[in-house]
Amino acid sequence: MAPNSTPAEDNALAQLLDKQSDTKGLNNIDTEHEDWTDVKHSERKKRDRILADKVLLKLIQKSDYEGFKRLFTNLGLLALTGYFIYKLNVFPFHKEKYLPVDKDNTELWKLAAFIPLYVFYGFQIQCFAFAGQHEFLHRNAWKTKWINDWVLFAVGTCCFEFGKHEQLMHKQHHTFTNNIDKDPELTSFYSRDELESPGFRNVSKNKFGFFRQFLYVWPTFQCRICRLLSSALGIPVDYSGTGWSMKTPKYSKESGIMRDLQSAAQLQLLVYAAVFGLFGQTAEGRQALLFWWIVPVLIGYTPVNYVRNLEHADCEVSKQMNCLRNTRTVRSNAILRQLLWNTNYHAEHHCYPMVPFFNLPKLSELMDDHIIHNECRHFTTQNWEAVKPGGWIDQQAAAGLKKED
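In every chain, residue numbers begin from 1 and rise along the written sequence. Given that this is a predicted model, residues contribute local features only at a pLDDT of at least 70 and side-chain atom pairs are listed and counted only at 80 or more, while totals for whole chains, interfaces and linings are drawn from all residues. Heavy atoms throughout the structure, all of them, feed into the side-chain values; hydrogens and water do not.

Caption draft 1: The arrangement of the overall build of the protein chain in detail. We count a stretch as a helix when DSSP gives it H or I for four or more residues in a row; a strand needs E for two or more, and each element gets its number in order from the N terminus. Check the secondary structure of the protein chain and you find 18 helices and two strands. We compute the radius of gyration from the C-alpha atoms alone; for a globule the expected value is 2.2 Å times N to the 0.38, where N is the number of residues. Here the protein chain has a C-alpha radius of gyration of 22 Å; the compact-globule value for 405 residues is 22 Å, and the two agree. Overall, the C-alpha framework of the protein chain stretches about 80 × 55 × 45 Å when taken along its three principal axes. Counting across all 405 residues of the protein chain, residues that qualify as buried make up 50%. In the protein chain, 70% of the contacts between residues at least 6 apart in sequence involve partners at least 24 apart. In this description, accessible areas are obtained by the Shrake-Rupley approach with a 1.4 Å probe, and a residue is regarded as covered only by the protein chains that are shown. If you sum the accessible surface of the protein chain, you get close to 19500 Å²; carbon and sulfur atoms cover 60% of it. Each residue is placed in one exposure class: buried if its accessible area under a 1.4 Å probe, protein chains only, is under 20% of its type's maximum, exposed if it is over 50%, and partly exposed if it falls in between. Throughout, a contact is declared for two residues whenever any of their heavy atoms are within 4.5 Å.

This is the structure in structure tokens:
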């Protein structure tokens, strides 16, 4: 019961929050409610929602001001990084500038400064693709809902993501987090044997695969391309872009979901055709597209994967969702929290997906003692736990071998 409230007031608050619950999964996209959940709020309170409703109502209030402040701050940092890259004047590349190789060659020093700046530039773009897009598809970044929708489309297009499809799959992920039959983040990328193994920990099969995910990015972008093209053709697909792995019916015709997906995908393809048609007519234009857009998007995926690859690793896998047990959270540092729109507070977000990014630090303070998987306070610690001798990857492999025996 909330402080200084009567049972009748508490019941009224619970009923109000119940009305905001969207439990329909892929049956429809409810444009009015952001509480994606398998059961109504009052039922989740018996499981993993620990806050008083009066406190929660304050935390779920959206803000156009906070959304624009974070957007333009991050865009400003991206522009500033781009300006420093431009001032180094290393593009276009001419290998003759870097000869001879000695300490007096200022061009070599410029190149040494350029490399980390360029990686950071790509990382910032991918932070928009991962974390920014995440807030936009939840419609948490701005109180005015249509702003979220249009920025979602713009950012997804710029980052070679398909935001509309991601919104659908992410809603399913929230509704059935770590459910081996219905969570597309599991079913799209793991075999049934892997998912049904009692030792499954939602990590790479081996350490080679763990390191490979940072260097070999083609499979990721292949899936993104397939999702976009399949949707444009009216074919329902999961994250793989080539099939439907969930034990959940595909979109019904009555829902209109596939029609909306198809329209959005076709519009995005038209934007690409226009951009490449406009800037791709000259060698200079093609070089600029590669240098300032396409290559940074590809390069940036390696560092961003470092902060997104283990959100549910070594957590409870169950058909009854409990987000205090099936999701990780980290504190990280101020710069990363800024660029990631506070998505590092991931367990808190899964418990209360309707809380906007700027209130997640407050939510974390209230929930920290109740979250099971918050022992890794930084992303580096989390990645080390996965790959260290005897870590999560080794434990998963050992459990799999025992099962085979």
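Caption draft 2: Structural view of the packing of aromatic side chains. Think of it this way: a Phe, Tyr or Trp ring, Trp meaning its six-membered ring, pairs with another when their centres are within 6.5 Å, and the plane angle makes it stacked under 30 degrees, edge-to-face over 60, tilted otherwise. Under the definition given, this model contains 26 aromatic pairs. A connected cluster of aromatic rings, assembled from ring pairs, spans Phe 68, Phe 72, Phe 136, Trp 142, Trp 341, Phe 357 and Phe 358. One residue, Arg 224, lies across the ring of Phe 221, its end atom 4.7 Å from the ring centre. Comment: the charge-over-ring label is applied if NZ (Lys) or CZ (Arg) is within 6 Å of the ring centre and within 35 degrees of the ring normal.

Caption draft 3: How the structure looks around the environment of Ala 386. Among the structural elements, Ala 386 can be located in helix H17 (residues 379–387). Classification of Ala 386 by relative accessible area gives buried; the value is 0%. Along the primary structure Ala 386 and Phe 210 are separated by 176 residues, whereas in three dimensions their C-alpha atoms are 8.7 Å apart.

Caption draft 4: Inspection of the side chain of Thr 175 at higher detail. Note on placement: Thr 175 falls in helix H7 (residues 163–175). Thr 175 gets classed as buried once you look at its relative accessible area, which sits at 1%. For Thr 175, the contacting residues outside a window of four places in its chain are Gly 25, Trp 36, Thr 37, Asp 38 and Met 321.

Caption draft 5: Here's a closer look at helix H12 (residues 257–279). How far a helix is expected to stretch is found by multiplying one less than its residue total by 1.5 Å. The end-to-end C-alpha distance of H12, which contains 23 residues, comes to 33 Å, matching closely the 33 Å that a straight helix rising 1.5 Å per residue would cover. Ile 257, Met 258, Leu 261, Ala 264, Ala 265, Gln 268 and Tyr 272 are the residues of H12 that are buried. Buried residues along H12 sit against helix H6 (145–158), H7, helix H11 (218–232) and helix H13 (283–308).

Caption draft 6: Local environment of unusual backbone geometry. Even without being glycine, Asn 89 reaches a positive phi, approximately 55°. With respect to the helices and strands, the residue Asn 89 is situated in the loop between helix H4 (64–88) and helix H5 (106–138). By relative accessible area, which is 48% here, Asn 89 ends up partly exposed. In this structure, Asn 178 is a non-glycine residue whose phi angle is positive, near 60°. Among the residues examined, Asn 178 registers a relative accessible area of 1% and is labelled buried.

Caption draft 7: A look at the packing of H6 against H12. Running from N to C, H6 and H12 cross one another at 55°; their axes reach a closest spacing of 11 Å. Accordingly, the angle class assigned to the pair H6 and H12 is oblique. Relative to H12, H6 is oriented so that their crossing is right-handed. Side by side, H6 and H12 meet where Phe 153, Gly 156 and Thr 157 of the first sit next to Ala 264, Leu 267, Gln 268, Val 271 and Tyr 272 of the second. Of the residues contributing to the contact of H6 with H12, the split by class is five nonpolar, three polar and no charged. Think of each axis as a best-fit line through the C-alpha atoms, taken over the contacting stretch in the case of a helix, with angles from 0 to 180 degrees between the N-to-C directions. Each angle receives one of four descriptions, namely roughly parallel if under 35 degrees, roughly antiparallel if over 145, roughly perpendicular if within 65 to 115, and oblique otherwise. Take the far helix as the reference: if the near one is turned anticlockwise from it by less than a right angle, the crossing is left-handed, and if turned clockwise, right-handed. Throughout, the ten residues Ala, Val, Leu, Ile, Met, Phe, Trp, Tyr, Cys and Pro are labelled nonpolar, Asp, Glu, Lys and Arg are labelled charged, and all others, Gly among them, are labelled polar.

Caption draft 8: Spotlight on the pattern of salt bridges. In the sections that follow, a salt bridge refers to a side-chain nitrogen of Lys or Arg positioned within 4 Å of a carboxyl oxygen of Asp or Glu. A full pass over the atoms with the stated rule returns 25 salt bridges. When the shortest N-O distance is used, the salt bridge between Glu 194 and Lys 205 registers 3.5 Å. Remark: Lys 205 occurs in the loop between helix H9 (192–196) and helix H10 (207–215) and Glu 194 occurs in helix H9; sequence separation between them is 11 residues. Salt-bridge contacts for Asp 314 lead to Arg 328; the nearest nitrogen and oxygen are separated by 3.8 Å. With a gap of 14 residues between them, Asp 314 in the loop between H13 and helix H14 (334–339) and Arg 328 in the loop between H13 and H14 connect regions that are remote in the sequence. Pair check on accessibility: Asp 314 and Arg 328 agree, each one buried. Residues joined in a network through salt bridges with shared partners are Asp 181, Arg 192, Glu 196, Lys 247 and Lys 319.

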